[in-house]
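Listed below, chain by chain, are the residues.
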Amino acid sequence: MTKRYWNINLEEMMEAGVHFGHGTRKWNPRMEPYISGKRKGIHISNLTRTARFLSEACDLAFDAASRGKQFLIVGTKNKAADSVARAAIKARCHYVNKKWLGGMLTNWSTTETRLQKFRDLRTEQKTGGLNRLAKRDAAMLKRQLSHLQTYLGGIKYMTGLPDIVIIVDQQEEYTALRECITLGIPTICLIDTNCDPDLADISIPANDDAIASIRLILNKLVFAIYEGRSTYISDIRNP
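Note that the structure is a prediction, hence the values are computed from the model and not measured.

In this structure, the largest pocket encloses a volume near 210 Å³. Of all the secondary structure elements, the ones that give two or more residues to the lining of the largest pocket are α3 (78–91) and α7 (211–237). Looking at which element gives the most residues to the lining of the largest pocket, the answer is α7, with five residues. Put simply, the second largest pocket is a space of about 160 Å³. If you go around the second largest pocket, the residues you meet are Q70, A88, I89, R92, C93, H94, Y95, G153, G154, K156 and Y157. Of all the secondary-structure elements, those providing two or more residues to the lining of the second largest pocket are α3 and β5 (94–96). A class-by-class count of the residues in the lining of the second largest pocket yields five nonpolar, four polar and two charged.

Below is the structure:
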């Protein structure tokens, strides 16, 4: 794996509130090695360890991207949704930021069928086909298209299972994580003090409730993916 310097600054993470965890009563004892102390009833994550695991995650992301691997970023709660979409679009990754549909990965054949329906409806809309239908039929299909856009819009170009899944908030996206574990898909998880650090391949201890914290972590990973993709494209053009 290529080792690079990702400019992970402890002061920058502190300013983004990455170190703030949940209340001391709401924690997972397995997170103890990643917690440096308590403050006003809140656990404080050890930012030195966070930086270490974030660096490892960036190395993994860069290495995978440099080999043309595909990423899926998952984060559906309101505080994460916009950051997930922006990060994924910037890095040309697939994403899910509204709702995880059970079986999205483990029942991939059904997901493929839904995606094909989505693509067909988008084509019909672009070519004016929906406008030539009876109003009632057109309205029904437009509602169906809107529903598919909401839940599958971020994976509309996904043609197979992702090679790596990045998950924001392990607790919120537990179903997605379990599907990845079942399929053997490597995962990078942003985990707060109430999570189990042993479930993901790389767990990054960080505040999963603050937008600034989520954005900072995703930006570092996205930069690594972008750099890896640039290397991949360069290697293809200059074999």
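Before going further, it helps to spend a moment on the sheet that holds strand β7 (residues 187–191). Here we have five strands laid out as an open sheet, ordered β5-β4-β6-β7-β8, and parallel in their pairing. The open sheet has two free edges, formed respectively by β5 and β8 (202–205), since each of these has just one partner strand. Averaged over all pairs of adjacent strands, the angle between strand axes in this sheet comes to 15 degrees, irrespective of strand direction. Pairing of strand β4 (residues 71–74) with β5, which is carried by three bridges, proceeds in the parallel orientation. Across the sheet, the residue bridging to I73 is Y95, located in β5.

The three strands lie next to each other as β1-β3-β2, forming an open sheet whose pairing is antiparallel. With one partner strand each, in any of the chains shown, β1 (20–23) and β2 (35–39) form the two edges of the open sheet. Each strand axis lies, on average, 30 degrees off the axis of its neighbour in the sheet, ignoring direction. Relative to strand β3 (residues 42–45), β1 is paired through two bridges, and the arrangement is antiparallel. Note that in β3 the partner of G23 across the bridge is I42.

For soluble globular proteins, the rule of thumb is that nonpolar side chains tend to be buried together. F71, I188 and L221 are the most contacted members of the largest nonpolar core, which totals 41 residues. Of all the elements in the fold, those that place two or more residues in this core are α2 (47–65), β4, α3, β6 (164–168), β7, β8 and α7. With 32 residues, the next largest nonpolar core counts L72, L101, L145 and I191 among its residues.

In total, this model carries three aromatic pairs according to the counting rule given. Chaining the aromatic ring pairs together yields one cluster made of W6, F62 and F223. One Lys or Arg, R122, reaches over the ring of F118 and ends 5.7 Å from the middle of that ring.

This part covers helix α5 (residues 135–152). Helix length check: α5, at 18 residues, gives a terminal C-alpha distance of 25 Å against a target of 26 Å (1.5 Å per residue), a fit within 8%. Those residues of α5 lying buried are A138, L141, L145, L148 and L152. Projected down its long axis, α5 shows its buried positions confined to an angular sector of 90 degrees, all on one face. Facing away from the buried side of α5, by more than 90 degrees, are the exposed residues K135, R136 and R143.

What follows concerns the packing of α3 against α7. At their nearest, the axes of α3 and α7 sit 9 Å apart, and the two run at 15 degrees to each other. Relative to α7, α3 is oriented roughly parallel. Handedness of the crossing formed by α3 with α7: right-handed. Along its contact with α3, which presents K79, A80, S83, V84, R86, A87, K90 and A91, the element α7 presents I211, I214, R215, L218, V222, I225, Y226 and R229. Across the contact of α3 with α7, the residue classes tally to 10 nonpolar, one polar and five charged.

Definitions and limits used
Residues numbered from 1 in each chain as written. Predicted model: local features only at pLDDT ≥ 70, side-chain atom pairs only at ≥ 80, totals over all residues. Heavy atoms only, no water. 1 Å grid on protein atoms, 1.4 Å probe; cavity = no way out; pocket = protein on both sides within 12 Å on 5 of 7 lines; lining within 4 Å. Points joined across faces, edges and corners; volume = space filled by probe spheres on them. Helix = DSSP H or I, 4+ residues; strand = E, 2+ residues; numbered from the N terminus. Nonpolar A, V, L, I, M, F, W, Y, C, P; charged D, E, K, R; others polar. Pairing = 2+ DSSP bridges. Axes fitted to C-alpha atoms, helices over the stretch in contact; angles between N-to-C directions. Core = buried A, V, L, I, M, F, W, Y, C linked by side-chain atoms within 4.5 Å. Buried < 20%, exposed > 50% of the residue type's maximum accessible area, 1.4 Å probe, protein only. Phe/Tyr/Trp six-rings, centres within 6.5 Å; stacked < 30°, edge-to-face > 60°. Lys NZ or Arg CZ within 6 Å of the ring centre and 35° of its normal. Expected span 1.5 Å × (residues − 1). Arc of directions from axis to C-beta. Parallel < 35°, antiparallel > 145°, perpendicular 65-115°, else oblique. Left-handed = near helix turned anticlockwise from the far one by under 90°. Contact = heavy atoms within 4.5 Å.

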